[in-house]
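# Observations on the three-dimensional arrangement
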Amino acid sequence: MGQGVLTTGFTRAGGKGVLQCEGVSLERVANDVGTPAYVYSSATMRDRYERLDRMLEPVPHRIHYTLKANSSRGLLEVLRALGAGADVVSGGELTRALRAGFAPRDIIFGGVGKTEAELAYALDADVLLVNVESEAELRTLDRLARDRGVTARVSIRVNPEITLETPHDYIKTGGRGHKFGVPYDDVVHVATIAAELGHVSLIGLDMHLGSQLTRIDPYREGVERLVAIHDELRGRGIDTIEYLDIGGGLGVRYDTEQPPDLERFASLVLPPVAKTGMTLIMEPGRFIVGNAAVLLARVLYRKRSGGKDYVVADAGMTELLRPSHYGAFHRVLAVRRRGETRRVDVVGPVCESGDFLALDRDVDDVQPGDYLAVCDVGAYGYVMASNYNSRLRPAEVLVDGDRFAVITQREEPEDLMRREVAAPHWLRGV
Ligand SMILES: *Cc1c(COP(=O)(O)O)cnc(C)c1O
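Every value quoted in this text rests on a predicted model; they were computed, and no experiment measured them.

## Notes on the sheet that holds strand β1 (residues 10–12)
- Taken in spatial order, the three strands of this open sheet run β1-β2-β3, and their pairing is antiparallel. Where the open sheet ends on each side, the last strands, each with one partner, are β1 and β3 (24–25).
- Strand direction decides the pairing type here: strand β2 (residues 19–21) and β3, joined by two bridges, are antiparallel. Bridge assignment links Gln20 to a residue of β3, and that residue is Ser25.

## Focus on the nonpolar core
- Ranked by internal contacts, the top residues of the largest apolar core, which has 106 residues, are Ile156 and Ile246.
- Here this core gets seven residues from one element, more than from any other, and that element is helix α9 (residues 262–276).
- Here Ile246 is in contact with Met207, Tyr219, Val223, Phe265, Val269, Leu280, Ile281 and Met282, once residues within four sequence places are set aside.

## Description of the site of the ligand
- Neighbouring the ligand are 13 residues; Lys68, Ser211, Gly249, Glu283 and Tyr380 lie closest to it.
- Contacts to the ligand include Arg286, whose backbone N or O atom sits 2.8 Å from an oxygen atom.
- Calculation on the ligand without its partners gives an accessible area of 390 Å², and the protein chains cover 92% of this total.
- Mapping the ligand onto the cavity grids shows that it belongs to the largest pocket.

## Comments concerning the layout of surface pockets
- What the largest pocket holds in volume is close to 710 Å³.
- Of the pockets and cavities examined, the second largest pocket occupies roughly 400 Å³.
- Lining the second largest pocket we find 21 residues, and of these Thr8, Phe10, Asn291, Arg331 and Asp376 sit closest to its centre.

## Overview of helix α6 (residues 135–148)
- Compared with an ideal rise of 1.5 Å per residue, which puts 14 residues at 20 Å, α6 spans 20 Å between its outermost C-alpha atoms and is within 8% of the ideal.
- Listed in full, the buried residues belonging to α6 are Glu137, Leu138, Thr140, Leu141, Asp142, Leu144 and Ala145.
- Among the structural elements, α5 (116–125), β8 (129–132), β9 (152–159), α7 (187–196) and β11 (200–206) are those in contact with the buried residues of α6.

## Considerations on the side chain of Arg157
- If you trace the backbone, Arg157 turns up in strand β9.
- Arg157 sits in the buried class, given a relative accessible area of 10%.
- Within the structure, Arg157 has its side chain in polar contact with the side chain of Glu133 (distance 3.1 Å).
- Setting aside chain neighbours within four positions, we find Arg157 in contact with Val132, Glu133, Thr173, Phe180, Gly181, Val182, Asp206 and His208.

What counts as what
Residues numbered from 1 in each chain as written. Predicted model: local features only at pLDDT ≥ 70, side-chain atom pairs only at ≥ 80, totals over all residues. Heavy atoms only, no water. Pairing = 2+ DSSP bridges. Helix = DSSP H or I, 4+ residues; strand = E, 2+ residues; numbered from the N terminus. Core = buried A, V, L, I, M, F, W, Y, C linked by side-chain atoms within 4.5 Å. Buried < 20%, exposed > 50% of the residue type's maximum accessible area, 1.4 Å probe, protein only. Contact = heavy atoms within 4.5 Å. Near = heavy atom within 4 Å. Polar contact = N/O pair within 3.5 Å; in protein donor to acceptor, adjacent residues only side chain to side chain. Areas by Shrake-Rupley, 256 points an atom, 1.4 Å probe, with all protein chains shown as cover. 1 Å grid on protein atoms, 1.4 Å probe; cavity = no way out; pocket = protein on both sides within 12 Å on 5 of 7 lines; lining within 4 Å. Sits in = over half its atoms within 2 Å of the grid points. Points joined across faces, edges and corners; volume = space filled by probe spheres on them. Expected span 1.5 Å × (residues − 1).

This is the structure:
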């Protein structure tokens with residue numbers, strides 16, 4: 001693999017005892033904080049960030065962590081301290097990034113459907129750049145910048161139109177006909193408009209292929225396509241482009257996947273970038289946080305139904321949507337080993353049959369009261385938690401060495417109803 005042993009923040013004490021996160025027993029966390037709870041290993045996040053940073057060393061580069069994967073302040077602060085920038089896709093994420101202390105010039109703003117209010121917010125905050133996804137958005141941004149007497153720094157999100165394999169269709173984003181970006185054949189036209197408009201400055205080209213990618217070749221192909229556009233634009237006298245943003249998408253291991261080989265990535269992707277002299281931007285999300293967390297849950301009941309064994313846990317699709325939404329695989333471990341295993345479905349308490357964490361899985365023969373750890377849930381876990389069934393979103397706990405702290409409190413029933421209007425103020429509709 002050429003990238004050494006991946007740090008795993010989660011091990012068993014003495015190789016076989018109670019599961020722990022770095023130096024902290026998960027049983028201790030569960031007893032202290034309660035379940036369900038997300039538990040994050042800061043060492044794992046640091047390891048992934050530094051690994052990527054080293055890999056990109058041969059070229060000028062910036063790593064903008066994608067908040068969409070997990071936007072909790074406690075994690076953002078760990079990444080900011082390492083020197084990461086932020087990649088945001090909504091006004092809400094921009095507020096989170098600023099609140100976590102990211103300098104505006106370390107933030108890039110993307111997304112296929114930004115509102116005028118969001119674009120104005122990005123301009124007023126003076127972010128590093130806005131990734132625009134259509135000619136109409138470019139013109140809107142130009143108008144908003146003109147109103148403010150400023151120039152908007154923009155990058156064009158190019159749809160590289162590369163067909164690739166991802167574990168689920170929902171996480172493909174760079175194929176022909178997808179809603180994202182400017183169609184490849186229109187990019188030069190849109191870039192020419194950008195060069196002519198008075199209040200935008202075209203400083204980047206951007207792409208995002210998809211997520212949970214394990215192959216390197218699509219990145220190489222995408223970079224070549226962006227570089228071709230860059231060269232064509234230069235030929236037309238447009239030489240303002242400083243940034244080549246190749247998005248996120250690097251995959252992680254959930255089961256038996258081979259994570260992308262970073263050395264191969266460096267040898268295939270960096271040389272064509274180096275030739276252009278541009279600064280490379282990456283927007284990793286899953287790669288940084290995916291392996292950095294477990295979801296701690298408690299077994300409520302065991303039951304048998306229709307010849308099947310069920311483990312009913314106090315967490316399900318409301319805490320972790322990925323199994324239900326993407327058919328995603330996550331390992332499920334007993335925090336304290338039972339010795340024997342059982343083939344079971346691990347399900348949650350939500351009133352719907354799509355509410356499961358694992359199907360037909362050999363799991364330790366856990367009993368009510370035992371704790372479970374659902375592994376590798378750092379990315380697209382907590383951020384997709386919902387209040388369906390009026391369930392309370394779980395706590396988040398950050399571990400650093402032998403210390404741990406709650407970084408997001410478990411919700412309380414009041415949180416569910418805070419925005420409800422007890423005495424509605426009726427207005428006439430005609
Ligand atoms: C989701 C997303 C990312 C991050 O993707 P990962 O697969 O989590 O690395 C980066 N850039 C854009 C534009 C995205 O939509």
